[in-house]
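This is what each chain is made of:
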Amino acid sequence: MELIFHLTLPDTPVPDGLSVHQFLTQYNPDMVAADNPILEDLGFPYKKLTYGGLRAQAAVGAAALVNRYGSAAGFLFFVSSSQHDHHGCIAEDPTPRGNCYVDGWGCWSGAELAHAIATIEPTIIACEAEFTGRVKEALQMKQGPPFMPQIVELGDRDGSASQTTDAWLNNCDAREVFFAPFPHMIGALGAVLFPAYMGSYVAAMRNFTLPSYIKACAKVKATTLKVVPSVAVAFAQHPLVKELDLSSIKYILSAGATLQPEVVRKMQELLKGVCFVQTYGMSETIICKLPHNKSIEKVGSVSRLLSGVKIRIVDEKLQDVEPGTPGEVLTKAPTVFMGYRNNTEATNESFHNDWLRTGDVLSMDADGFLWFHERQKELIKVQDNQVAPSELEGIFSAHPKVLEAAVCGYFDESRQTDWPIGYVTLIASVPENERQALLDEIHAWFEGQVATYKKLRGGLHHIDELPRNPTGKLMRGQLPIKLVAKRENKM
């Protein structure tokens, strides 16, 4: 008997048989006026896209594509800078069903573009002029290097289902400054699809700096911040937060990792009780969001399940664990992806009896709230024990001289086990000649708070900046010890 968890509310209805464009044009939940701005390029303040303009421009673009290339089904691959108003028009292109839109990051190298093109097999490639040379280089390469990321395929129903929740967060009165790349999942949903459906306002930043982001939030009177924990930490420490009027901010949505309680409390003090919304999901699906009215009571939780989402929590043998016990989450939901493009083997490996395997370890409390423990692949297996890097990083975050911390595991051949190793970025006021003494002091302080098997056998090391992807998510695989291991494996 499978132990299946789901929300004790009726499922939110998701229309079947509609393209994203048809869904958008048939529904206007907040009765948004056609001239209401939904997307503005902060680099070009007079360049705006309106609620009605999006629909009109998308239709014109679709007609031009059909006129030039015919209506046969195919793939359009769009390569652009991180933020561009064309994303919205192309993503909601109403061309005949079967035509697909794929978004590429302008920051990709020629090799990464080559991998994407070989995998997607696009019929049309569109790009901004500055990327023409790189796209031509990618076409000549024909195939990117091995071990590149998978291309996730999402259907029209995935896009429609993602937009039918959280009216209190996504509505026509919501305003935000957005800096994450549009091709990332949080950009595709938060900056492209949600505004197109709900009529919310997004001011897009092409080049992110924290001071300019804070100033822009004050200028446009942002109601929502969508950030990863590292940006939230830096935001809370920046002097501009106390100097500018940010009273319009009502919600902070955190994605990529769970915010530490200390950061939540600091932000609520600075922004007068702002509500936190913690999300949990991945490119392949969305699972849950923490309701704003529970952001204090359940601080640290990634929330209850969204409507229509079902999960199981299983052990390493894929057997259901007892309630409250951590285990890997398996899920079924309207938002689950279709598969990995041109990789049936990887798609099949991602499912177990039609349940998507997330690879993430979570537990559920008695109230039905989920608590994230670790990504299964990132757990450090110290002899017979499992160590969660995020737990150790949370301890470091409490030290006043530590700005950021990262922990990962490395394999000790002599002992045939993994050991934890830590990296920290210290606050700017620490002189370089005092750095090592402070590291030793912090290391000793840390060791006094953890069990023996959680101690940093690999030591504690200084790092100028933690490796992160364009959205700010920590890339543990790019920490120095991991890069050394990769080089050694190639030799």
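Our subject in this report is the structure included herewith. Note that the structure is a prediction, hence the values are computed from the model and not measured.

Criteria and thresholds
Residues numbered from 1 in each chain as written. Predicted model: local features only at pLDDT ≥ 70, side-chain atom pairs only at ≥ 80, totals over all residues. Heavy atoms only, no water. Buried < 20%, exposed > 50% of the residue type's maximum accessible area, 1.4 Å probe, protein only. Helix = DSSP H or I, 4+ residues; strand = E, 2+ residues; numbered from the N terminus. Contact = heavy atoms within 4.5 Å. Phe/Tyr/Trp six-rings, centres within 6.5 Å; stacked < 30°, edge-to-face > 60°. Pairing = 2+ DSSP bridges. Axes fitted to C-alpha atoms, helices over the stretch in contact; angles between N-to-C directions. Parallel < 35°, antiparallel > 145°, perpendicular 65-115°, else oblique. Left-handed = near helix turned anticlockwise from the far one by under 90°. Nonpolar A, V, L, I, M, F, W, Y, C, P; charged D, E, K, R; others polar. Salt bridge = Lys/Arg side-chain N within 4 Å of Asp/Glu carboxyl O.

## A word on helix α9 (residues 229-237)
Phase 1 of the analysis: For α9, every residue scored as buried is listed here: Pro-229, Ser-230, Val-231, Ala-232, Phe-235 and Ala-236.
Phase 2 of the analysis: In this structure, the buried side of α9 is in contact with α8 (210-220), β10 (224-227), α10 (240-243), β11 (251-254), α11 (261-270) and β23 (402-412).

## Observations regarding the packing of aromatic side chains
Phase 1 of the analysis: With the rule as written, the count across this model stands at 11 aromatic pairs.
Phase 2 of the analysis: Both rings, one in Phe-23 and one in Tyr-27, keep their centres 5.2 Å apart while their planes meet at 45°; by these two values the pair is tilted.
Phase 3 of the analysis: Under the relative-accessibility criterion, Phe-23 is labelled buried at 2%.
Phase 4 of the analysis: A ring pair is formed by Phe-208 and Tyr-213, whose centres lie 5.8 Å apart and whose planes are at 55°; its orientation type is tilted.
Phase 5 of the analysis: Among the residues examined, Phe-208 registers a relative accessible area of 34% and is labelled partly exposed.

## Thoughts on the sheet that holds strand β25 (residues 460-462)
Phase 1 of the analysis: In space, the 3 strands of this open sheet follow the order β23-β24-β25, with mixed pairing throughout. Strands at the two margins of the open sheet, each flanked by one partner only, are β23 and β25. On average, each strand axis in the sheet is tilted by 30° relative to the strand beside it, whichever way the strands run.
Phase 2 of the analysis: Across 10 bridges, the pairing between β23 and strand β24 (residues 417-426) is antiparallel. Pairing of Gly-409 across the sheet is with Pro-420, part of β24.
Phase 3 of the analysis: Contacts from helix α14 (residues 435-447) reach β23, β24 and β25, with the element oriented near 145° to β25.

## Thoughts on the packing of helix α13 (residues 389-396) against α14
Phase 1 of the analysis: Between α13 and α14, the least distance of the axes is 10 Å, while the angle of their chain directions is 120°. Classified by the angle their axes make, α13 and α14 are oblique. Crossing hand, α13 versus α14: right-handed. Every residue of α14 that contacts α13 at Leu-392, Ile-395 and Phe-396 is listed here: Ile-442, Trp-445 and Phe-446.
Phase 2 of the analysis: Among the residues forming the contact of α13 with α14, the class breakdown is 6 nonpolar, no polar and no charged.

## Describing the packing of α9 against α11
Phase 1 of the analysis: For the pair α9 and α11, interaxial distance at closest approach is 10 Å and the crossing angle is 45°. What the angle tells us is that α9 and α11 run oblique. α11 is crossed by α9, and the crossing has left-handed handedness. Residues Ala-232, Val-233, Phe-235 and Ala-236 of α9 touch α11, and the partners they reach there are Val-263, Lys-266, Met-267 and Leu-270.
Phase 2 of the analysis: Its residues assigned to classes, the contact of α9 with α11 comprises 7 nonpolar, no polar and 1 charged.

## Notes on the environment of Gln-383
Phase 1 of the analysis: The topology assignment puts Gln-383 in the loop between β21 (380-382) and β22 (385-387).
Phase 2 of the analysis: Distance in space between the C-alpha atoms of Gln-383 and Thr-417 is 5.6 Å, their sequence separation being 34 residues.
Phase 3 of the analysis: With sequence-adjacent residues up to four places away left out, Gln-383 is seen in contact with Arg-415, Thr-417 and Trp-419.

## Some words on the side chain of Gln-268
Phase 1 of the analysis: Residue position: Gln-268 is located in helix α11.
Phase 2 of the analysis: Gln-268 gets classed as buried once you look at its relative accessible area, which sits at 15%.
Phase 3 of the analysis: Those residues within four positions of Gln-268 in sequence are excluded, and the remaining contacts are Gly-273, Val-274, Phe-276, Ser-295 and Ile-296.

## Thoughts on the pattern of salt bridges
Phase 1 of the analysis: Under the definition given, this model contains 13 salt bridges.
Phase 2 of the analysis: Across the salt bridge formed by Glu-391 and Lys-454, the nearest N and O atoms sit 2.6 Å from each other. Taken together, the residues span a long stretch of sequence, with Glu-391 in helix α13 and Lys-454 in the loop between α14 and β25 at a distance of 63 residues.
Phase 3 of the analysis: A relative accessible area of 36% means that Glu-391 is categorised as partly exposed.
Phase 4 of the analysis: Residue Arg-476 is joined to Glu-393 by a salt bridge in which the shortest nitrogen-to-oxygen separation is 2.8 Å. Here Glu-393 lies in helix α13 and Arg-476 lies in the loop between β25 and α15 (480-490), a separation of 83 residues in the sequence. Across this residue pair, the class does not change: Arg-476 and Glu-393 are buried.
Phase 5 of the analysis: Each of Glu-2, Arg-312 and Asp-320 takes part in a single network of salt bridges with overlapping partners.

## A short note on unusual backbone geometry
Phase 1 of the analysis: The phi dihedral of Lys-221 falls on the positive side, at around 55°, and the residue is not glycine.
Phase 2 of the analysis: Within the secondary structure, Lys-221 sits in the loop between α8 and β10.
Phase 3 of the analysis: Phi at Ser-303 takes a positive value of approximately 105°, unusual for a residue other than glycine.
Phase 4 of the analysis: Structurally, Ser-303 can be placed in the loop between β13 (285-289) and β14 (304-305).
Phase 5 of the analysis: Look at Ser-303 and you get buried, because its relative accessible area is 0%.

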